[in-house]
Each structure stands twice: as structure tokens, then as C-alpha cells.
Amino acid sequence: MDADPTIYDDRLAAEMDRGEFVLAVVTATKPDFYKQAPVVAAARERGLPCFVVHTGQHYDDLLGHGLEEYDLEPAIAADLGIRGDLTEKTAQTMLAVRQFAERLAEWPDTTVLPLVHGDTHAAAVFPQAWLFATNQGVAHNEAGLRGMAPDYDAVRGAAGAGSDTGSGADLDPAALVDAQWDGEWSVDRTEPFPEQYDTFVGSAAARYQFAPVELNREHLESEGYPREVDGDERIPVVGNSVVDAIEMKADHEGESVFDVYPVLAERDDWIRVDIHRRANLLPGRFRALVEGVVALVEDGYNVNFVELNATRHALERHGDRERLRRLADERENFLFTGLWKKHAHVYEFLRSGQCLAELTDSGSMQEELNHIDEACCLTARFNTDRPETVFDAETNLLVPPVSGEFVHEMVTHVLETPAVRERLQSGPDLYGENVGERIVDFLAERRDADVFEWSHERQGFDGLDAGSVDYL
């Protein structure tokens with residue numbers, strides 16, 4: 001399948017004709033829409049030329065609704081039309097970006113700096129495609145996400161001899177809580193896949209890397225990326241633009257989530273379940289999560305299971321979808337829904353006081369629930385690329401899906417232990433404020449800077465004429 005880029009010439013020219021520096025904000029998937037929107041809004045406010053390049057990966061009325069919800073559609077100058085599996089998306093993006101770069105060459109005196117985001121596949125492939133097509137770097141919003149894991153061996157040791165190692169029976173919920181909040185952590189970049197690959201590879205073509213917290217900058221520095229070059233900062237710690245997105249929807253008007261799902265208003269203390277990561281769709285892990293959710297429902301907890309596209313495929317493949325549909329028909333405390341179309345509805349529900357906890361494998365949700373105090377964050381993963389929410393803020397805990405029994409035990413231990421719940425809901429906010437403005441201000445101050453450098457330039461040998469190179 002070939003990509004079919006659509007270029008909106010009027011929108012493109014309107015920004016390219018405005019000056020010698022233009023910011024090209026790249027979006028691909030749902031998280032990009034709400035995390036990149038604050039940057040676009042800040043560029044508009046500051047008067048910095050800016051347009052959106054949408055890869056087209058999330059494009060339908062449901063997954064693509066964020067483009068409309070966050071007012072990004074009028075800013076789209078190019079839709080690359082990327083579709084297919086990971087291999088197809090990779091190949092299409094390489095070719096589509098080259099085609100778009102050729103179009104931009106009609107403005108030879110204008111520097112275009114793409115800004116990619118996070119750990120989507122576009123965050124890996126777009127920077128490489130841009131570098132190869134133009135010999136120029138990009139900027140990376142939410143850079144330095146690296147997976148880390150607690151010391152599970154220490155928890156197993158606390159379980160005592162003779163435990164069933166590897167089954168989850170050797171994990172004690174209380175000990176695991178202590179190990180996460182007070183124990184040692186180490187880098188574990190095996191998951192999420194392919195997101196850990198994507199964010200790692202994306203760094204290689206980034207001129208500027210916007211780190212959400214100091215830990216992200218430390219990861220990047222450990223990999224050889226310089227904090228600064230000749231006094232020019234390269235890895236500023238700016239916070240996370242998700243906080244801007246939350247505040248953009250703080251005064252949400254129109255249809256309420258409780259209009260869409262009235263049962264949410266009829267009951268308190270909901271556990272919202274959002275599972276979609278590839279690793280969690282493996283048979284053993286997915287079975288553990290489904291069994292754990294069913295046990296929570298049978299215990300009387302109010303549970304909303306949110307079915308994403310990947311979740312639905314896994315439920316059908318493992319024969320669990322009809323089981324959950326029957327459970328929803330039989331139990332008033334179980335709500336089985338599709339993906340919520342409006343992201344504002346998610347924020348509304350999390351802030352409403354009706355949601356007790358979110359059991360998720362989403363990276364963004366860990367950030368959002370650091371900023372939103374009303375609901376507890378429980379992350380159904382063995383590691384996390386937002387570990388600062390656990391050991392620094394203590395607003396998050398991992399619930400490794402080793403078995404249905406352990407998922408049930410860990411969730412109930414957290415929710416039925418007041419001291420643990422209080423810590424989850426009272427930790428410090430990590431991700432700052434006005435992050436979109438900070439990113440735009442940083443880039444505006446460097447609009448005249450080169451977007452690529454050779455080694456002799458970095459080392460201070462300025463007498464050599466770098467020029468340009470045409471590769472065979």
C-alpha cells in the first residue's frame with residue numbers, strides 16, 4: 001500500500017511565506033493531538049509561523065476526533081495518508097516525507113523545523129525520514145522516555161522460601177508497593193513495544209529534545225546526547241504538555257460524559273479499565289487481566305471496561321468478548337464500553353469524584369493522573385517509561401499481570417488500604433504548566449540557529465566550509 005499525501009497548498013503557503021523559520025508540528029495518533037495542540041496554540045499566540053503535518057495514522061471519526069476537538073484541523077498543511085502495519089507505515093513515511101520535503105524546497109530561504117512527539121511510531125520514523133531527505137534535524141517533544149522496573153527479586157525474597165516463583169504467588173502486594181515506592185529501580189527498555197524502540201530511535205535525529213522531567217534528561221545524557229553545545233541548551237527540561245491539554249478542557253462545555261453513560265452517575269467509586277498495549281495482549285497476560293477484572297466485578301466493585309480496537313481483537317481472539325458482554329448484561333456494576341470519543345470526557349470523569357481508580361497500560365494516563373488527584377493510577381505493566389510517577393511522586397503503582405488472582409489481590413490491596421490510596425492521590429505534580437509556551441519560546445529564540453551540525457563544527461573548527469552534500 002502506497003501513501004497518498006495530501007498537501008493543502010493554501011495553508012502551507014500562508015505559513016511558509018511569513019518568514020525564514022516555520023515550526024512543523026507532527027501528529028500521528030490520539031495522544032499527539034492533545035499533547036501537540038498546546039504547542040500549536042502557543043505558536044499562534046506568539047505569532048510564530050506554524051503548521052501541522054499529520055501522518056494520517058489515526059484518521060477515522062473516533063480515533064481521529066482529537067484533530068477537531070483540539071482545533072488542529074485548520075492548521076493541517078499536509079496529510080501524509082500513512083496506513084498499514086508497522087512495516088508499511090515505516091516505508092510509506094520515508095517516501096511521503098521525502099515527497100513533502102521536495103515541496104518545501106520551493107521556499108529555499110525558509111527553515112522548517114519539525115516537532116515530533118513522544119513514543120509513537122512517527123516519533124521514530126519521521127525524524128529519520130526528514131534527516132535523510134533534508135540533512136536536517138528535528139525537535140522532540142516528550143523526549144527521553146525510557147522504561148524502568150522495580151526490583152522484583154527483592155519482593156520474591158520477601159515472600160519466603162517455597163513460594164511458586166514466576167507464577168505471581170511469590171509476589172506479596174504490600175511488599176511490591178514498598179519495593180516500588182522505596183526500593184531500587186533499573187532501566188528496562190524491553191517494553192512497551194514498539195514504543196521504546198520508537199522513542200530511542202527518534203532521539204538520534206533530534207537537534208533539540210524537550211524532556212518532561214530531569215530523569216528523562218539524565219537518560220539522554222547517559223546515551224551520549226549533550227545537555228548543551230557551546231552554551232546552547234539542547235535538552236531543556238520543560239514539563240509535559242499534557243498538563244496544558246488538561247487545562248484546555250477544564251471548562252468543557254456541551255454534552256457530558258454522564259449524558260453519554262448515565263450509569264456512571266448512578267454509582268460511585270468506579271474502576272476504569274483501559275488496556276491496549278501489545279505486550280498485554282499476549283495470551284497469558286491478557287488472560288490475567290481479564291480474570292482479574294472479572295474477579296473485581298464479582299467482588300462488587302464498579303468496573304468500566306473500555307474496549308479499544310486492539311482490545312477488541314484480543315477479546316475475540318481469546319474468546320472473551322461474549323463473556324464480558326454477558327457479564328455486562330447480568331451485573332449492574334459492570335459497564336462495557338467502546339473507546340470514549342471525546343478526550344474531554346475522560347478528564348471530566350477522572351475529575352468528577354465518581355472514578356476511584358484507573359487500571360491502565362497507557363503512558364499518558366500515568367502523567368494525567370499525576371496532575372489529576374481525584375483518581376488513583378494503577379498501571380498494568382511490569383515496567384513503566386514514566387517511573388517518576390511512582391518513585392518520585394508516588395501517584396502511580398505497577399500491577400504486573402502475572403495472574404488473574406494477583407491482579408485482583410494487588411488492586412484490592414491498594415484500594416482497601418487507606419494509607420496507600422491517600423499517597424496515590426496526594427503526591428506532587430511533576431509536569432509543570434504552560435509547557436507549550438515554554439517549547440515555543442525556546443524554539444523562537446533559536447530560529448536563526450543551524451538545524452544540523454558536523455563533528456568539526458561541534459568541536460569548534462569553524463574554518464571549514466560545510467556546504468551541502470549530494471549523496472549517490
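An account of the accompanying structure is given in this report. (Residues numbered from 1 in each chain as written. Predicted model: local features only at pLDDT ≥ 70, side-chain atom pairs only at ≥ 80, totals over all residues. Heavy atoms only, no water.)

**Focus: the overall build of the chain**
Part 1 of the reasoning: Scanning the chain for helices and strands turns up 22 helices and 17 strands.
Part 2 of the reasoning: Against the 2.2 N^0.38 benchmark of 23 Å for 472 residues, the chain shows a C-alpha radius of gyration of 23 Å, consistent with a compact globule.
Part 3 of the reasoning: For the chain, the C-alpha atoms occupy an extent of roughly 70 × 50 × 40 Å along the three principal directions.
Part 4 of the reasoning: Counting all 472 residues of the chain, 57% fall into the buried class.
Part 5 of the reasoning: Here the contacts in the chain between residues at least 6 apart in sequence split such that 77% fall between residues at least 24 apart.
Part 6 of the reasoning: Accessible area of the chain: about 19,400 Å², with a carbon and sulfur share of 46%.
Part 7 of the reasoning: Distance between charge centres in the chain, computed from 42 positive and 90 negative side chains, equals 3 Å. (Helix = DSSP H or I, 4+ residues; strand = E, 2+ residues; numbered from the N terminus. Rg over C-alpha atoms; globule rule 2.2 N^0.38 Å. Buried < 20%, exposed > 50% of the residue type's maximum accessible area, 1.4 Å probe, protein only. Contact = heavy atoms within 4.5 Å. Areas by Shrake-Rupley, 256 points an atom, 1.4 Å probe, with all protein chains shown as cover. Lys, Arg positive; Asp, Glu negative; His and termini not counted. Charge placed at Lys NZ, Arg CZ, Asp CG, Glu CD.)

**Examining the packing of helix α13 (residues 283–298) against helix α15 (residues 321–330)**
Helix-helix packing is described using two parameters, namely the angle between the two axes and the distance between the axes.
Part 1 of the reasoning: Running from amino to carboxyl end, α13 crosses α15 at an angle of 10°, the nearest separation of the two axes being 12 Å. One finds that α13 runs roughly parallel with respect to α15. Contacts between α13 and α15 involve Arg 287, Val 290, Glu 291, Val 294 and Val 297 from the first element and Arg 323, Leu 324 and Leu 327 from the second.
Part 2 of the reasoning: Looking at side-chain class alone, the contact of α13 with α15 contains five nonpolar, no polar and three charged residues. (Axes fitted to C-alpha atoms, helices over the stretch in contact; angles between N-to-C directions. Parallel < 35°, antiparallel > 145°, perpendicular 65-115°, else oblique. Nonpolar A, V, L, I, M, F, W, Y, C, P; charged D, E, K, R; others polar.)

**Overview of the state of the cysteines**
Part 1 of the reasoning: All chains considered together, the criterion is met by zero disulfides.
Part 2 of the reasoning: Cysteine Cys 376 shares no disulfide, and the gap to the nearest cysteine sulfur, in Cys 355, comes to 8.7 Å.
Part 3 of the reasoning: According to the relative accessible area criterion, Cys 376 is buried, its value standing at 0%. (Disulfide = S-S within 2.5 Å.)

**A word on the packing of helix α4 (residues 86–104) against helix α5 (residues 121–134)**
Part 1 of the reasoning: The contact between α4 and α5 brings their axes to 9 Å, and the two run at 40°. Here α4 lies oblique to α5, going by the angle between them. In this structure, the crossing between α4 and α5 has a hand that is right-handed. Here Leu 86, Lys 89, Thr 90, Thr 93, Met 94, Val 97, Arg 98, Ala 101 and Leu 104 of α4 lie close against α5, whose contacting residues are His 121, Val 125, Phe 126, Ala 129, Trp 130, Phe 132, Ala 133 and Thr 134.
Part 2 of the reasoning: Of the residues belonging to the contact of α4 with α5, the class tally is 11 nonpolar, four polar and two charged. (Left-handed = near helix turned anticlockwise from the far one by under 90°.)

**Structural notes on the side chain of Asp 232**
Part 1 of the reasoning: Mapped onto the fold, Asp 232 is located in strand β11 (residues 232–233).
Part 2 of the reasoning: Under the relative-accessibility criterion, Asp 232 is labelled buried at 16%.
Part 3 of the reasoning: Within polar-contact distance, the side chain of Asp 232 engages the side chain of Arg 446 at 2.9 Å.
Part 4 of the reasoning: Not counting residues within four places of it along the chain, the set of residues in contact with Asp 232 comprises Tyr 208, Arg 227 and Arg 446. (Polar contact = N/O pair within 3.5 Å; in protein donor to acceptor, adjacent residues only side chain to side chain.)

**Structural notes on the sheet that holds strand β9 (residues 206–210)**
Part 1 of the reasoning: Strand order in the open sheet formed by seven strands is β1-β4-β3-β2-β5-β6-β9, and the pairing between neighbours is mixed. The open sheet has two edge strands with one neighbour each: β1 (6–7) and β9.
Part 2 of the reasoning: Looking at chain direction, strand β2 (residues 21–27) and strand β5 (residues 111–117) are connected through five bridges and run parallel. Bridging across to β5, Ala 24 finds its partner in Pro 114. (Pairing = 2+ DSSP bridges.)

**Re unusual backbone geometry**
Part 1 of the reasoning: Following Glu 191, the chain continues to Pro 192 via a peptide bond in cis, the omega torsion being -5°.
Part 2 of the reasoning: Tracing the sequence through the fold places Pro 192 in the loop between β8 (185–187) and α8 (195–203).
Part 3 of the reasoning: The peptide bond linking Phe 193 to Pro 194 adopts the cis configuration, its omega dihedral lying at 5°.
Part 4 of the reasoning: The residue Pro 194 is located in the loop between β8 and α8 in this model.

**Comments concerning the pairing of β9**
Part 1 of the reasoning: Of all the five residues making up β9, five are buried; the element is thus mostly covered by neighbouring parts of the structure.
Part 2 of the reasoning: Pairing analysis gives four bridges linking strand β6 (residues 138–141) to β9, with the strands arranged parallel. Within the sheet, the bridge partner assigned to His 140 lies in β9 and is Gln 209.

**A short note on α13**
Part 1 of the reasoning: The terminal C-alpha atoms of α13 lie 22 Å apart, and with 16 residues this matches the ideal 22 Å at 1.5 Å per residue to within 8%.
Part 2 of the reasoning: The set of residues buried in α13 consists of Arg 285, Phe 286, Ala 288, Leu 289, Val 290, Gly 292, Val 293, Val 294, Leu 296 and Val 297.
Part 3 of the reasoning: Taken together, the buried residues of α13 touch β12 (270–274), β13 (302–307), α14 (309–317), α15, β14 (334–338) and α19 (404–415).
Part 4 of the reasoning: Positive phi shows up at Gly 300, right after α13, with a value of about 105°. (Expected span 1.5 Å × (residues − 1).)

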